[in-house]
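Each chain is listed here by its residues.
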Amino acid sequence: MNTNVLVSELKIFYREPVTLPLAFALPVVVLVIFGVLPSDGPKTAELPTLAVTLVLAMLGFLLLPGALATYREKGVLRRMATTPVAPRALLQAQLAVYGAAALVGVVVVVVFGAVLLKMPVPVGETWTAAMVVLGTAAIFSLGLLPAALATSAKAATGVGFALYMPSAFFAGVYVPSAQLPGFARSIGQYTPLGAFRDALTSAWSGNTPDPSVLAIMVAWTVVCGLVAARTFRWE
Amino acid sequence: MENVIEVQGLRKRYGAVEALRDASFTVDRGEIFGIVGPNGAGKTTTVECIAGLRRPDGGTVRVLGLDPGRDRGPVRNRLGIQLQSSDVPERLRVREVLALYASFYDRPADVSTLLTQWGLTEKAGVQTRKLSGGQRQRLSIALALVGAPEIVVLDELTTGLDPQARREAWALVEQLRAGGVTVVLVTHFMEEAERLCDRVAVVDAGRVTAVDTPAGLIARSGAVQRVRFRPIRELPLEELRNLDEVSQIQRTGGQLTVEGHGDLVRAVTGLLARRRILVSDLRVEQASLEDAYLALTGTTNPCAQEAAA
């Protein structure tokens, strides 16, 4: 990994006008709005896992595809290919920055929720951290497909949005999973975002996530990652 | 003279389109070498193969004795290329972009010097998305030079530059040559090629149809030259007609129009001097590289094309 490229990508991430609001502010706002509503029972992991799920979905489906495809469309990759540093370095740096942003976003949500809204913090810290890493890998891998295949940045963003909408539904973002009809819950378990939400909720309350859910996330990561890597269009 | 670029029988096909059929030429160290030709003739493909950005289907390319396809690192370290339709991240500042790209090379050029040379000092702290077309173009050229290359390839150097900036860019290219850098200039703009290039390759339909100095191309294109003047007293037309360079004479009232080729001006003025005939309203229409180019690429004059072949 080229550190100079990495630093540049960090600056760009920070300077993009929609990135920070969408990836960090929106999940926190959701957390606050629902967190201050009066509720009957004790506070559950429902809200913080929802906010964390949103962080990963925003980054992986709404931001990453467009960012990568823009680099191809504008000839940034082509320009980089003329230097001794291969354009691969740009993609590595971008993925590293988005991955780091995911981790930061999760920490923001946990700390914000716990300190200001008295939300439960994860009980199984190790499993929670592991699920965040695995979930990021699975969700980003799926987000890489439109980035790899789309002919334009607009198309990549559009496909990313088309991935986001049903993913969010099946992951219980619009309606809590418990209130989803049975078939929707079953489908949700097989989507990367739904599997992640499921595993995260288990880990958050100190349970060990279901191995089949882990396997689903690993499968998404491997299959989408390989397809994206093999089909990535450099021009 | 040492060759720094050697292209032999280069072939490249994109699907059904044969971009390059059989392109061959060599570029000497320290010269400004022009590549001209119609749209789609294969100019950009040629330089992309030289830079190792495309793998040719056939033929060989050697850059500084290296194979750009295999020795990617060393070639990229010593050859800079400015391409059309290539850009930098829009939210990096001008100085940041140059410093970043400088960090990619073993012995980069000084970023501040480049900023000054290409008139970007005032824009150093501005994000690239806010640059005008001309400023963007100058940044693109500066980026091609940021690795302090031995060879620099400039694709449509002055596109998007205003006349003032264009002259400045030409002066800087001449300055590059003075500093020993070999320049390969892909251009549409014949005035630019005629003014800057030591030698020019004409690429047409995937082949190099001619390589020569601009003057040589003009001479071999057979493009017609004209001298018009009004002799003060009667001139022996027979003697004019007998000059090798003269092909046609026309008289309109008191004015003579002499058409011909080669060093027509010298032949005609020489005769006038020997006969001690003064003339007024002397006008010379010399063929430019543009005339030669049109003739050589067969765009207007098929006879001239035959003469060139």
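Here the structure is a predicted model, which is why all the values come from computation and not from measurement. (Residues numbered from 1 in each chain as written. Chains lettered and ligands numbered in written order. Predicted model: local features only at pLDDT ≥ 70, side-chain atom pairs only at ≥ 80, totals over all residues.)

Visitor: Before we move on, could you go through the overall build of chain A and cite the residues and values that matter?
Guide: The helix and strand tally for chain A stands at 10 helices and 0 strands. Starting at the N terminus, the α and β elements of chain A follow one another as α-α-α-α-α-α-α-α-α-α. The C-alpha atoms of chain A give a radius of gyration of 18 Å, which matches the 18 Å a tight globule of 235 residues would have. Relative to its full complement of 235 residues, chain A shows a buried share of 49%. Long-range pairs, those at least 24 residues apart, make up 78% of the contacts in chain A with a sequence separation of at least 6. (Helix = DSSP H or I, 4+ residues; strand = E, 2+ residues; numbered from the N terminus. Rg over C-alpha atoms; globule rule 2.2 N^0.38 Å. Buried ≥ 20, exposed ≤ 12 C-beta atoms within 10 Å, placed from the backbone. Contact = placed C-beta atoms within 7 Å.)

Visitor: I'd like a description of the interface of chain A and chain B, backed by residues and values.
Guide: Contacts between chain A and chain B engage 16 residues on the former and 20 residues on the latter. Secondary structure elements with two or more residues in the side of chain A that touches chain B: helix H1 (3-15) and helix H4 (76-81) of chain A. Of all the elements, H1(A) adds the most residues to the side of chain A that touches chain B, at 5 residues.

Visitor: Tell me what's going on with the sheet that holds strand E12 (residues 255-260) of chain B, and back it up with residues and numbers.
Guide: Note on sheets: strands pair through backbone hydrogen bonds, and any given pair is parallel or antiparallel. Residues and elements named next belong to chain B. Across the sheet, which stays open at both edges, the 4 strands sit in the order E11-E12-E10-E13 with antiparallel pairing between neighbours. The two strands at the open ends of the sheet, each matched to only one other strand, are strand E11 (246-252) and strand E13 (279-285). Adjacent strand axes in the sheet meet at a mean angle of 15° when their direction is disregarded. For strand E10 (residues 225-231) and E13, the ladder comprises 5 bridges, and the chain directions are antiparallel. Within the sheet, the bridge partner assigned to Arg 230 lies in E13 and is Ser 280. (Pairing = 2+ DSSP bridges. Axes fitted to C-alpha atoms, helices over the stretch in contact; angles between N-to-C directions.)

Visitor: Go over the pairing of E11(B) with me, naming the residues and quoting the values.
Guide: Residue and element names in this part refer to chain B. Judged from the 6 bridges that link them, E11 and E12 form a sheet pairing that is antiparallel. When the sheet's bridge partners are listed, Val 246 is paired in E12 with Gly 260. Connecting E11 to the next strand, E12, in antiparallel fashion are 2 residues, including Gly 253 with a positive phi near 60°.

Visitor: Can you explain the packing of H1(A) against helix H5 (residues 88-117) of chain A? Please cite residues and give values.
Guide: All names here are of chain A. Packing of H1 against H5 leaves a shortest axis separation of 9 Å and a crossing angle of 50°. With respect to H5, the element H1 is oriented oblique. Handedness of the H1/H5 crossing: right-handed. Across the interface between the two elements, Val 5, Leu 6, Glu 9, Leu 10 and Phe 13 of H1 pack against Ala 89, Leu 90, Ala 93, Gln 94, Ala 96, Val 97 and Ala 101 of H5. Here the residues of the contact of H1 with H5 sort into 10 nonpolar, 1 polar and 1 charged. (Parallel < 35°, antiparallel > 145°, perpendicular 65-115°, else oblique. Left-handed = near helix turned anticlockwise from the far one by under 90°. Nonpolar A, V, L, I, M, F, W, Y, C, P; charged D, E, K, R; others polar.)

Visitor: Now, about the packing of helix H9 (residues 192-204) of chain A against helix H10 (residues 211-231) of chain A: what can you tell me, with residues and values included?
Guide: Residues and elements named next belong to chain A. Interaxial distance between H9 and H10 falls to 9 Å at its minimum, and their mutual angle equals 145°. Here H9 runs over H10; the crossing is left-handed. Where H9 approaches H10, its residues Pro 192, Ala 195, Phe 196, Asp 198 and Ala 199 are matched on the opposing element by Val 213, Leu 214, Ile 216, Met 217 and Trp 220. Taken together, the residues of the contact of H9 with H10 break down into 9 nonpolar, no polar and 1 charged.

Visitor: Quick one: what's the story with unusual backbone geometry, residue by residue and with numbers?
Guide: Residue and element names in this part refer to chain B. Located in the positive-phi region is Arg 276, a residue other than glycine, with phi close to 55°. By the secondary structure assignment, Arg 276 is in the loop between helix H10 (264-274) and E13. With 7 C-beta atoms counted inside 10 Å, the residue Arg 276 sits in the exposed group. Of note in the backbone geometry, Asp 281 takes a positive phi value of approximately 55° without being a glycine. Among the secondary structure elements, Asp 281 is positioned in strand E13.

Visitor: So, helix H2 (residues 19-36) of chain A: which residues are in play, and what are the values?
Guide: Residue and element names in this part refer to chain A. Between the first and last C-alpha of H2 there are 26 Å, a value that for 18 residues agrees with the 26 Å anticipated at 1.5 Å per step. All buried positions along H2 are accounted for by Thr 19, Ala 23, Pro 27, Val 28 and Leu 31. Those residues of H2 that are buried are in contact with H1, helix H3 (46-73) and H5. (Expected span 1.5 Å × (residues − 1).)

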